[in-house]
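If you want the building blocks of each chain, they are given just below.
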Amino acid sequence: MEPANQLHVPIRTIMTPGPVEVDPRVLQAMSSSILGQFDPNFTSIMNETMVLLRRVLETENHWAFPVDGTSRAGIEAMLCSVIEEGDKVLIPSFGRFGGLLTEIAERCGADVYVTHCEWGQVFEPQDVIKQLKKIQPKVLAMVHGDTSTGRMQPLEEIGNACRELDVIFVVDAVATVAGTPVKTDEWKIDGLITGTQKCLSVPAGMAPLTYNHRIEEILQERKSIERGLNSEKHRSSRRIRSNYFDLSQLQDYWSPTRLNHHTEATTMLYGLYEGLRLILEEGLEQRFQRHRLNEKALVAGVQAMGLSLFGNEQWKLPTVTCVRIPEGVDGDSVRAMLLNEFAIEIASSFGSLHGKIWRIGTMGYSCQKRNVLLTLAGLEAVLIRHKVNIHSGEAVQAALDVYQNKSLAV
Ligand SMILES: Cc1ncc(COP(=O)(O)O)c(C=O)c1O
């Protein structure tokens, strides 16, 4: 048998809503040597990662650690640890990832109540609060920034209402943490999940999450320690159905008890640690400003070209820009040419939006002036090749105007 070809990975400019480019310091950290999972050097990296995560997630919660697996692993861990068969769960859904929350909550056996709003819009918080009062769920699960529609839901009012009504508030902040403010404690979010491959700018493979004492109480009631590890003391009849995603056991693994569970993903943890350090070195506020500036430059360029944006402008997700594909243009052909000729990747969307919009991400390490200017120049050239009637020569100039007069942007 012929040996396989040597791995050849081309260099790309990645302007999708994830995975995004990674700072070389993260890649370097990930090539450090392997440590045993109970080596004190490794456990101290675990502890320090928890400290860094609390700061990035803007929380005083004790529990803040990553679940191994992509972002949905974190969502599944949170929901299956909190929801029991028959629990009422309300999910106001404004895009594909509200659908993911619904899918997971249903599989947990919840009695799921879904409300929808038109894609491109978000919910009026008072409408969600009315639903909360009517349905009286145990859990309200919502997406903060839905990358499928490029919208961001305001959460603070909803969080306050959840606390008053004693509802557990779980938020998917996969697309927003470290790109735009996410105030876990201030917005009274009980359980929050993010992912590594978006604004954290670390490869896909971990889902950092945090939860407060309200969720911890539920976990304690449901706690069941795996056979063969400990005495039979901890056996709850309400045991969490998943072993891998059992937060009650995971939290023991992340505590000084170091109760054995899975084998931690060593090099992913190194990458996350370095990614978090980079975020805090830059400073959260500066990082949000960088994201806003590059978003504004991108939007100015796209509009100067004569293209229009999709969705309610007021609730635009700053880390994703949705561009309407002009009538009669093959959106996938434009994306393919951009990739093949310019090595730039942008995304399409899902469901009813597929073929209707392109989604351009400005996240993490990918969110830089050079990438925005290259993307605008490349997109313009490719659209001209596709015989689209655009205002040529204007996109990059409009973006440069934003960069040169930063006050316009923030
Ligand atoms: C808002 C949101 N939630 C959840 C997910 C699922 O993430 P993953 O693919 O990392 O499991 C994504 C992925 O794009 C997302 O954008």
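Because the structure is a prediction, the values reported are computed rather than measured.

Reading the values: the criteria
Residues numbered from 1 in each chain as written. Predicted model: local features only at pLDDT ≥ 70, side-chain atom pairs only at ≥ 80, totals over all residues. Core = buried A, V, L, I, M, F, W, Y, C linked by C-beta atoms within 7 Å. Buried ≥ 20, exposed ≤ 12 C-beta atoms within 10 Å, placed from the backbone. Domains from an automatic or database assignment. Contact = placed C-beta atoms within 7 Å. Near = placed C-beta within 6 Å. Helix = DSSP H or I, 4+ residues; strand = E, 2+ residues; numbered from the N terminus. Nonpolar A, V, L, I, M, F, W, Y, C, P; charged D, E, K, R; others polar. UniProt positions renumbered as here; feature names shortened; annotations may be inferred. Axes fitted to C-alpha atoms, helices over the stretch in contact; angles between N-to-C directions. Parallel < 35°, antiparallel > 145°, perpendicular 65-115°, else oblique. Left-handed = near helix turned anticlockwise from the far one by under 90°. Pairing = 2+ DSSP bridges. Arc of directions from axis to C-beta.

*Asks:* What should I look at first to understand the nonpolar core in this one?
*Replies:* Nonpolar side chains in soluble globular proteins tend to be buried together. In terms of nonpolar packing, the biggest core is built from 122 residues, with Leu-79, Ala-105 and Ala-141 touching the most fellow members. Lining this core are residues from two domains, each supplying at least three of them: domain 1 (22–279) and domain 2 (284–408). Those residues within four positions of Leu-79 in sequence are excluded, and the remaining contacts are Ile-104, Ala-105, Cys-108, Ala-141 and Val-170.

*Asks:* Any chance you could explain the site of the ligand here in plain terms?
*Replies:* In the neighbourhood of the ligand, 15 residues make up the surrounding shell, with Thr-70, Ser-71, Arg-72, Thr-147 and Val-174 lying closest. Looking at the shell around the ligand, the elements that each hand over two or more residues are helix H3 (71–82) and helix H4 (96–107). Looking at the shell around the ligand residue by residue, the classes come out as seven nonpolar, five polar and three charged.

*Asks:* In this structure, what is going on with the UniProt feature "binding site: substrate" (unreviewed entry) in the protein chain? I would like to understand it.
*Replies:* With numbering aligned to this structure, UniProt lists the feature "binding site: substrate" (unreviewed entry) at Arg-359. In this fold, Arg-359 is placed in strand S13 (residues 357–361). Its 23 C-beta neighbours within 10 Å are what place Arg-359 among the buried residues. When near neighbours in sequence (up to four residues on either side) are disregarded, Arg-359 contacts Pro-17, Thr-147, Gly-150, Val-320, Cys-322, Ile-346, Ala-347 and Ser-349.

*Asks:* Can you walk me through the domain arrangement of the protein chain in this structure?
*Replies:* As a measure of interface size, the accessible area lost when the parts come together is often cited. What the domain assignment reports for the protein chain is domain 1 (22–279) and domain 2 (284–408). Computed over C-alpha atoms only, the centres of domain 1 and domain 2 are separated by 30 Å. Each partner contributes residues to the interface: domain 1 has 25 residues there, and domain 2 has 23 residues. Tallied by class, the residues present in the side of domain 1 that touches domain 2 amount to 10 nonpolar, 11 polar and four charged.

*Asks:* I tried to follow the packing of H3 against H4 on my own but got confused; where do I start?
*Replies:* What describes two packed helices is the angle between their axes and the distance between those same axes. At a closest axis distance of 10 Å, the pairing of H3 and H4 adopts a crossing angle of 45 degrees. In terms of axis orientation, H3 runs oblique to H4. Where H3 crosses over H4, the handedness of that crossing is right-handed. In this structure, H3 uses Arg-72, Ile-75, Glu-76 and Leu-79 to contact H4, whose residues at the interface are Leu-100, Leu-101, Ile-104 and Ala-105.

*Asks:* Help me understand the sheet that holds strand S4 (residues 111–116), please; the structure alone is not making it clear to me.
*Replies:* Sheet strands line up and pair through hydrogen bonds in the backbone, either parallel or antiparallel. Pairing is mixed across the open sheet formed by seven strands, whose spatial order is S2-S10-S9-S8-S5-S3-S4. Because the sheet does not close on itself, it has two edges, and the strands there are strand S2 (63–68) and S4. Taken pair by pair, the neighbouring strands of this sheet meet at an average axis angle of 20 degrees, ignoring direction. As defined by bridge partners, strand S5 (residues 139–143) adjoins strand S8 (residues 168–172) across five bridges and the pair is classed as parallel. Paired with Ala-141 across the two strands is Val-170, which belongs to S8. In this fold helix H2 (residues 40–56) packs onto S2 and strand S10 (206–211), with an angle of close to 110 degrees to the strand it touches most, S2.

*Asks:* Help me understand the pairing of strand S11 (residues 320–324) in this model?
*Replies:* When a strand is regular, its side chains alternate between the sheet's two faces. With respect to burial, S11 is a largely interior element, four of its five residues being buried. When S11 meets S13, the two strands line up antiparallel, connected through five bridges. Considered in S13, the bridge of Val-323 is made with Trp-358.

*Asks:* Would you mind showing me how to read helix H7 (residues 213–222) here?
*Replies:* Counting along an α-helix, one turn takes 3.6 residues, and residues three or four places apart therefore face a common direction. Within the span of H7, buried status applies to Ile-215, Ile-218 and Leu-219. The arc that holds every buried residue of H7, seen down its axis, measures 100 degrees, which confines them to one face. Summarising the geometry of H7, the exposed residues directed more than 90 degrees from the buried face are His-213, Glu-217 and Glu-221. Taken together, the buried residues of H7 touch H3, S8, strand S9 (191–193), S10 and helix H8 (247–253).

*Asks:* What is the right way to look at the packing of helix H11 (residues 331–342) against helix H12 (residues 369–385) in this model?
*Replies:* At a minimum axis separation of 10 Å, H11 and H12 run at an interaxial angle of 120 degrees. Taken together, the axes of H11 and H12 are oblique relative to one another. Viewed along their axes, H11 and H12 form a crossing whose handedness is right-handed. Seen from H11, the contacting residues are Val-334, Met-337, Leu-338 and Phe-342; seen from H12, they are Gly-378, Leu-379, Val-382, Leu-383 and Arg-385. The residue inventory of the contact of H11 with H12, partitioned by class, reads seven nonpolar, one polar and one charged.

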